[in-house]
Amino acid sequence: MKLTTEDKLSILAGSAKYDVSCSSSGSENNYKTGELGCAHNSGICHSFTSDGRCISLLKILLSNVCVYDCAYCINRVSNDIVRTAFGPRELADLTINFYKRNYIEGLFLSSGIIKNEDHTMHLLLQTLRILRHEYRFNGYIHVKLIPGASKELIEEATLLAHRVSSNIELPSSKSLALLAPDKTKEKLLSPLKYARDISLQRSAKPISMSTQMIIGATGESDFEILKLSASLYQKALLKRVYYSAYIAVNNHKHLPVPELSKPPLLREHRLYQADWLLRFYGFSYDEILSENQNLDIQFDPKTFWALSNMHLFPIDVNHAPKEILVRIPGIGIRGALKILQARRFKQLNFEDLLTLKISLKKARYFIVAGKDFYRATSLYTEKIKLALIHQGSNIIQPSLFDMSIYTGEL
Amino acid sequence: MILLYDGSFEGFLSLVYEVYYEKLHVNAIVKKMPETLLFERFHEVFTDEAKARKVLEGIAKHFSKEQQRTICNIFLCDTKAHEMTLLEYIRIGFKNPKELRNITNPSLFYIQNLEKELLSLVHKMYGFTRFEELEDGTLYAKIETKFNIVPFLGDHFCKRLGNIPFIIHDIKRSLAFVKNDDLREIRSIASFDTPTYSEEESHFKALWKSFFKAAAIQSRYNPKLQQSWVPLLYRTYMSEFEV
Ligand code: SF4
């Protein structure tokens, strides 16, 4: 049976969709007169799928043929599925035509392993070369580094793409050995390290990189996961770690049974919130969690942290510096900025905060503002907990919590 | 006193001139003569280039670049009755420019939020605008938006679309940004014919729809979340939402 372009697109986009990375942000404005495409420094979403995730890039596999047998993956060699592939030019043309119509911000290209690593990386790069050199396309490109591909190819990828990534897949070496016998943590991370080093030789800013971890397929605690993320951020290796609630597609003795398992979306949400605390609010992973602990289900990580550290509260919003303001539950970066701007003109009380559209639902238990503080509940952890539970502000509307991948803001 | 002006930016600047030099006491500013009987004095301001220029020079002297941009931006929020607040903003700025950052003043906070609303609409439409390819290769987009964001979109797509001619057509405002070789301008559109699309157009539209469907994960199905990101209002010209 010959597949139409439409069939191929459905299959190869369908296999790529489990990779959650979607961002196209953080690129310099690279506009060149008369050429097609330009990246934008804050990511642009072009549409949202029926699961509420953003479409920014043409996220697609060059091929779903794969010689590996990773237990959790739909494309593993032992699965009996329809296999197909795009040619590099075919895919480049598709990208240009989607881009022109403003369907997409650019391309996110990955692939199963066809024959071997180098051969696969070659085909990916061939697509990128056509786009960059022949079509003079300057739009956003994110390409997967195939672990095990040779160094020259990785270097070329860093020259052609805005972002490269390699997925860690599972949070520990033990789980990898169990479920992805062809992969090791070192093998997955080494292309990233190499890409960083080589791009640093060219300019002061390394190429933007990200990775993804599957959550809930194996037994690691949130503590282990956050610790790993923190170490990756710290080494300035990665710009972003994505968490992907495990969606069971295969039967395997070490994996949750597909019919019985639901993707752990709430846990994924809590991880994004905690990740946000790491990246933007100056928290360290061991402030958020202690050894082997999991994130609280009832309270978001910032509220949970505050409740465990009541000796640091209440915080005086008229005097606290920005780093402290953002640690108040319910007040995010935007709220903190408004407070900083407004308090230069007057001393703020609760009413002022409300007129500035800063929600006090959570924050009121943790702040003083001029003469105002929340008198009804005294500063005892248990009482505040009860009050928060009672008002329901801790309960996330399940329909909305997938937002966290983009904001995660608390 | 109620002031009447023609709705143009120059008209508004002329109005500011008269308010200052004739010391008018303003209670409301309107673009159209109301049909109900009013027991208040009425004054019509005629657009006058010289007056407008004078005000503009004053603004350039007293306001920072960023604040000047704010004034232009607020003016583009044309479906809100923004004139009184904008007048207030200009008054405050002439008196004490430092005060303009005081968001505990309700008018200034309102302006800050309105500008944010405009810019977030612009950002959304950077993504949600859809072009269709016409027979001659021109890309054509129709939009209907709450505020007038045609100038922003025009700039944005000039940077992206290289040498490809394109048109962004604001249906409700009867405006269009037209880019063709060296020409780039905003025109008012009196009437238009149904365009003829290129042969490939329906093919790529179909491909886009299959991609859109294939990219969704069934076990995470969540149309409510989808709708909070893309409210129905925006979907009119987004082919992936056609049924
Ligand atoms: S290498 Fe990638 S595509 Fe192949 S089975 Fe493993 S995860 Fe799937």
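So, how was this worked out
- Residues numbered from 1 in each chain as written.
- Chains lettered and ligands numbered in written order.
- Predicted model: local features only at pLDDT ≥ 70, side-chain atom pairs only at ≥ 80, totals over all residues.
- Heavy atoms only, no water.
- Domains from an automatic or database assignment.
- Contact = heavy atoms within 4.5 Å.
- Buried area = accessible area lost by both parts, 1.4 Å probe.
- Salt bridge = Lys/Arg side-chain N within 4 Å of Asp/Glu carboxyl O.
- Polar contact = N/O pair within 3.5 Å; in protein donor to acceptor, adjacent residues only side chain to side chain.
- Helix = DSSP H or I, 4+ residues; strand = E, 2+ residues; numbered from the N terminus.
- Nonpolar A, V, L, I, M, F, W, Y, C, P; charged D, E, K, R; others polar.

Further remarks concern the domain arrangement of chain A. Residues and elements named next belong to chain A. Taken domain by domain, chain A consists of domain 1 (5-288) and domain 2 (301-394). Listed per partner, the contact involves ten residues of domain 1 and eight residues of domain 2. Across the domain 1/domain 2 interface, buried area totals approximately 820 Å², and carbon plus sulfur atoms make up 66% of it. It is Tyr281, Phe283 and Glu287 in domain 1 that bury the most area against domain 2; as a group they hold 60% of the surface buried on that side. At the junction of domain 1 with domain 2, the criterion picks out one salt bridge. With a shortest N-O distance of 2.9 Å, Glu287 and Arg327 are connected by a salt bridge. Joining domain 1 to domain 2, the criterion identifies three residue pairs in polar contact (both at pLDDT 80 or more). Broken down by secondary-structure element, the contributors of at least two residues to the side of domain 1 that touches domain 2 are α8 (265-280) and α9 (285-288). Looking at which element gives the most residues to the side of domain 1 that touches domain 2, the answer is α8, with five residues.

This brings us to the interface of chain B and chain A. Chain B puts 55 residues into the contact, and the matching count from chain A is 64 residues. Buried area between chain B and chain A, both sides added, is near 5300 Å², and the carbon and sulfur share of it is 61%. Three residues, Arg160, Phe211 and Arg220 of chain B, lead the burial of chain B against chain A; their summed loss comes to 17% of the area buried on that side. For the interface between chain B and chain A, the tally reads five salt bridges. Arg101 of chain A is the salt-bridge partner of Glu133 of chain B, the closest N and O atoms lying 3.5 Å from each other. Summed over the shared surface of chain B and chain A, the number is 24 residue pairs in polar contact (both at pLDDT 80 or more). Broken down by element, the residue count for the side of chain B that touches chain A peaks at ten residues, all from helix α7 (residues 201-214) of chain B. By residue class, the composition of the side of chain B that touches chain A is 27 nonpolar, 15 polar and 13 charged.

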